[in-house]
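# A closer look at the structure
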Amino acid sequence: MSLKDLAEYWRTGYDWRVHEAALNAHPQYLATIDGQNIHYLHVPSPEPDAMPLLLLHGWPGGIVDFLDVIGPLSDPHGHGGDPADAFHLVVPSLPGFGFSMPLAGPGMDPARMAGLLVQLMSRLGYDRYGVQGYDTGSWVAPELGKQDPVGVVGVHVNAMVTCPIGADGEMDGLSDIEQRRWQAMQNFNDGYLQCNSKRPQRRSTTRRSPRTTEARPAANGTTALRKPR
């Protein structure tokens, strides 16, 4: 396929409306917490005793990464599974992604994101819940466990990045060999990071279309997004 063919596919062949319908199939809400907009899907399970589960995406992903698992996780019985494995799902766009814009200010690190999400779960009435995160979400998820050790019943992560994070003293115990290996890693993956640091910002849900969504007040200090009548 030539570049011209690819451009033509995105211009005339890609059916955005199919994906738009998939997004609009789930209840979406906006909350403002400590001045930060938080967009999220909230999909209660038909099983009343289901465990609440917070699903955290990575970079440069978004809530769309979880669309294929929302049905099986929230309604396993309807997908050939055990109803006892059901979850009430909360799937936020992390601050800086999708509709969780603009950022309320600098310093939106994993710990601060986690604090906002702890408040979100409290607003939704969930005092005990699990957390799953990958990539960026795998940094945020453990922070929720630290900040809400009573409420968070478990944390599961994948694609977790475990490089040093800049904490005081974390390098003190490294041997000479480990120190040399760490120095050799300073430019590791640098081309990838340099490339992405200079690209335009990507938004996972690119633009709110007035043809597809509108806002209305909802409970718990949130705003629900729905299709206009």
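Residue positions within a chain follow its written sequence, with the count starting from 1. Predicted model: local features are reported for residues with pLDDT of at least 70 only, side-chain atom pairs are reported and counted for 80 or more only, and whole-chain, interface and lining totals are derived from all residues. Side-chain numbers here rest on the full set of heavy atoms in the structure, without hydrogens or water.

The name given to the chain in an unreviewed UniProt entry is Epoxide hydrolase-like protein, with Micromonospora taraxaci as the source organism.

This part covers unusual backbone geometry. With an omega of 5 degrees, the peptide bond running from Trp59 to Pro60 counts as cis. Comment: elements are numbered from the N terminus, with helices defined as DSSP H or I runs of at least four residues and strands as E runs of at least two. Tracing the sequence through the fold places Pro60 in the loop between strand E3 (51–56) and helix H3 (67–74). The step from Met101 to Pro102 runs through a cis peptide bond, and the omega angle for that step is -5 degrees. By the secondary structure assignment, Pro102 is in the loop between strand E4 (87–93) and helix H4 (110–123). One non-glycine residue, Asp34, lies in the positive phi region at around 50 degrees.

All right, on to the environment of Ala84 then. Turning to its location among the elements, Ala84 is positioned in the loop between H3 and E4. Residues Ala84 and Glu47, 37 residues apart in the sequence, show an inter-C-alpha distance of 8.0 Å.

This part is about the environment of Gly137. In this fold, Gly137 is placed in helix H5 (residues 136–147). Residue burial is assigned from relative accessible area. The probe radius is 1.4 Å, only protein chains are included, and a residue is buried under 20% of its type maximum, exposed over 50%, and partly exposed in between. Overall, the relative accessible area of 0% leaves Gly137 in the buried class. Along the chain, Gly137 and Met160 lie 23 residues apart, while their C-alpha atoms are 8.4 Å from each other. Apart from residues no more than four positions distant in its own chain, Gly137 is found in contact with Leu56, His57, Gly58, Leu94 and Pro142. Working rule for contacts: check all heavy atoms of both residues, and any pair within 4.5 Å makes them a contact.

Turning our attention to the pattern of salt bridges. Salt bridge, as used here: a side-chain nitrogen of Lys or Arg that lies within 4 Å of a carboxyl oxygen of Asp or Glu. Taken as a whole and judged by the stated rule, the model has three salt bridges. Across the pair Glu8 and Arg11 runs a salt bridge whose closest N-O atoms are separated by 3.2 Å. Placement of both Glu8 and Arg11 in helix H1 (residues 3–13) is noted, with a separation of three residues, approximately one turn of the helix. A salt bridge links Glu20 to Arg17, with the nearest nitrogen and oxygen atoms 2.6 Å apart. With Glu20 and Arg17 both in helix H2 (residues 16–24), this residue pair falls three residues apart, about one helical turn. Given the relative accessible area of 9%, Glu20 is considered buried. Judged by relative accessible area, Arg17 falls into the partly exposed class, the value being 35%.

Time to look at H5. Helix length check: H5 (12 residues) gives 17 Å between terminal C-alpha atoms against 16 Å at 1.5 Å per residue, within 8%. Buried within H5 are the following residues: Thr136, Gly137, Ser138, Val140, Ala141, Glu143 and Leu144. Contacts made by the buried residues of H5 are with E3, H4, strand E5 (129–134) and strand E6 (152–158). Every helix has an expected span of 1.5 Å times one less than the residues it contains.

Before going further, it helps to spend a moment on the packing of aromatic side chains. Put simply, two rings from Phe, Tyr or Trp (the six-membered ring, in Trp's case) pair if the centres are within 6.5 Å, and we call them stacked under 30 degrees between planes, edge-to-face over 60, tilted for the rest. Overall, the coordinates contain five aromatic pairs when judged by the stated rule. Where Phe66 meets Tyr134, the ring centres are 6.1 Å apart and the plane angle is 70 degrees; that geometry is what we call edge-to-face. Of this pair, Phe66 sits in the loop between E3 and H3 while Tyr134 sits in strand E5, and the two are 68 residues apart along the sequence. The class of Tyr134 is buried, set by a relative accessible area of 18%. Grouped by ring-pair contacts, the aromatic residues Tyr9, Trp10 and Tyr14 constitute a single cluster.

Attention now moves to the pairing of E6. The pairing of E5 with E6 spans six bridges and is parallel. Opposite Val131, over in E6, you have Val155 as the bridge partner. Here the rule is simple: two strands pair whenever DSSP picks up at least two bridges between them.

Turning to the nonpolar core, a few remarks are in order. Core analysis: the largest hydrophobic core is formed by 26 residues, its most contacted members being Leu56, Leu120 and Leu144. Counting only elements with at least two residues in this core, the list comes to strand E1 (28–33), strand E2 (36–43), E3, H4, E5 and H5. In terms of residue count, the dominant contributor to this core is H4 (seven residues). Look past the residues within four positions of Leu120 in its chain and what remains in contact with it is Ala31, Ile33, Ile38, Tyr40 and Val90. Definition used in this section: a nonpolar core is a set of buried Ala, Val, Leu, Ile, Met, Phe, Trp, Tyr and Cys residues joined via side-chain atoms within 4.5 Å. Core analysis: the second largest hydrophobic core is formed by 11 residues, Leu53, Leu55, Val91 and Tyr134 among them.

A word on the pairing of E1. Among the six residues in E1, five count as buried, and that is most of the element. Note: E1 against E2, six bridges, orientation antiparallel. Note that in E2 the partner of Ile33 across the bridge is Gln36. Here E1 hands over to E2 after two residues, with Asp34 in that stretch at a positive phi of 50 degrees.

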